[in-house]
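The residues making up each chain are set out below.
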Amino acid sequence: MTPAPARRLVLLGATGSIGAQTLDVLARYPDIARVHGLAVGGSRPQLVVEQVLAHRPEQLVVAEPERAEGVSDAIDAACRAAGIPAPRLESGQAAVTELAGSLGPGDVVLNAITGSVGLLPTLAVLSSGARLALANKESLVVGGDLVTRAAAPGQILPVDSEHTAIAQALAGVRPEQVDRLVVTASGGPFRGRTRDQLADIDPEQALAHPTWAMGPVITTNSATLVNKALEVIEACFLFDLPEHRVDVVVHPQSIVHSMATLIDGSTIAQASPPDMRHAIGWALAHPEKLPGLAAALDFSTAQSWTFEPVDETTFPAISLARSAHREGHGAMAAYNAANEEAVAAFLSGALPFLGIVDLLSAVLEDPARPRPAASAGVDGVLAVEDWARAAARTRIVQESAR
Ligand code: NAD
Ligand code: MG
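Everything quoted here is computed from the prediction, not taken from an experiment.

Scoring rules and cut-offs
- Residues numbered from 1 in each chain as written.
- Chains lettered and ligands numbered in written order.
- Predicted model: local features only at pLDDT ≥ 70, side-chain atom pairs only at ≥ 80, totals over all residues.
- Heavy atoms only, no water.
- Pairing = 2+ DSSP bridges.
- Helix = DSSP H or I, 4+ residues; strand = E, 2+ residues; numbered from the N terminus.
- Axes fitted to C-alpha atoms, helices over the stretch in contact; angles between N-to-C directions.
- Contact = heavy atoms within 4.5 Å.
- Donors = N, O, S within 2.8 Å, 3.2 Å for Na, K, Ca; no water.
- Buried < 20%, exposed > 50% of the residue type's maximum accessible area, 1.4 Å probe, protein only.
- Phe/Tyr/Trp six-rings, centres within 6.5 Å; stacked < 30°, edge-to-face > 60°.

Draft legend 1. A look at the sheet that holds strand E4 (residues 88-91). What the 7 strands build is an open sheet, ordered E4-E3-E2-E1-E5-E6-E7; its pairing is parallel. A strand with exactly one partner marks an edge of an open sheet, and here the two such strands are E4 and strand E7 (156-158). With strand direction ignored, the average angle separating the axes of adjacent strands in the sheet is 20°. Running at roughly 160° to strand E2 (residues 34-40), helix H4 (residues 93-100) makes contact with strand E1 (8-12), E2, strand E3 (59-62), E4 and strand E5 (108-111) of the sheet. Contacting E1, E5, strand E6 (131-134) and E7, helix H12 (residues 276-285) crosses the sheet at an angle of about 170° to E6.

Draft legend 2. Up close: the coordination of the magnesium ion (ligand 2). Note on the magnesium ion (ligand 2): its protein donors are Asp160 (OD), Glu162 (OE) and Glu231 (OE). The metal-donor distances range over 2.0 to 2.1 Å. In primary sequence terms, the donor set of the magnesium ion (ligand 2) follows D-x1-E-x68-E. Look at Asp160 and you get buried, because its relative accessible area is 5%. Residue class for Glu162 comes out buried when judged on its relative accessible area of 7%.

Draft legend 3. Up close: the packing of aromatic side chains. One pass over the full model with this rule turns up 3 aromatic pairs. Centroid distance Phe299 to Trp305: 6.2 Å. Interplanar angle 50°. Geometry classified as tilted. Consider the rings of Phe346 and Phe353, whose centres lie 5.7 Å apart with planes at 65°: the pair is edge-to-face. Phe353 shares its class with Phe346; the two are buried.

In structure tokens, the structure reads:
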């Protein structure tokens, strides 16, 4: 038997789309790290059981306390039947953050939680000294400088196909040699439609993404282009550039994952078939490369890659985010929190599709929005979020009463 690798891994959001693909990569490349701990929301106990049996973590955290008992019973029974020790189980959001911060230099934590609830875990990883493989873009977008200042150089490795692509395009390039970044967007399921044609979109239509299979929030965000908006801001923080130097181009085939244009006029692109295991494996193994990680492009048949500008009139989410980011003072935290509320309302049938971005715009324009100074730190961010969630919910109730 080969000895278990010394490097430990904690996976936050294990039962989600990124989480499950991460365990897939680890099963195929067991030398990357051994699984020390998993954190899950708790809504899929059977999948947690399978993951525990396959990866034998020492610790398991269920974020939603009311689901902990169900998960615990299922795990205990399965581990007893398999004759293996059950992992130590804790529950609640504070336990997720504690698990996130429990490793150290040389280890890795992959944060694949959905939503800005990932912020405190992200900060906990950074202060522990472990590598942060970051799929939870919301924590970076919402925390901004708080997150980048807490990170040592190279400590954050993005798990987002666009940013993984840019990081690869910039390998060996000095910051002053970068002119601009070009983030590619599939355009989502409603590319080419006018605003009027989006009035009656229902959740089923919004959840049918043309090129990627992902969790429900990011899939909805891809349909509104809020996901691309978050990614522009994510790129600003990861690569330390102002938003006007981060362009977006629609590329429906999702093969060129993003690009960097250098001061000498050369554009460097990273291309591969759409498969998130590429980004996951890159972030876990960097600077090593995993042989056969994902399928490569096949040029033996004809193919075309097309590029077109974003229709900013039909999809105003990106320009709204650009101005919120320029404003600072927690405006992006308000944007993201209002969006999380709006998406939940849309998916439950309480808000029309076009109501999502309209709601972001209304919450951002509200003169009562708190504008904390940078010195307010994480408490300032959380206060804006609380306010924006409440403001969004009030508007959603008013909207559905109409
Ligand atoms: P998902 O909804 O499929 O999974 C989310 C996971 O988080 C689930 O395991 C859920 O149980 C867990 N969870 C929920 N609340 C939690 C909490 N408070 N603490 C711990 N775990 C909690 O989402 P996803 O599509 O895997 O996306 C995860 C993150 O990765 C998002 O930030 C998304 O934007 C980003 N991302 C996803 C993709 C993709 O292809 N799916 C690509 C790029 C970036
Ligand atoms: Mg992406």
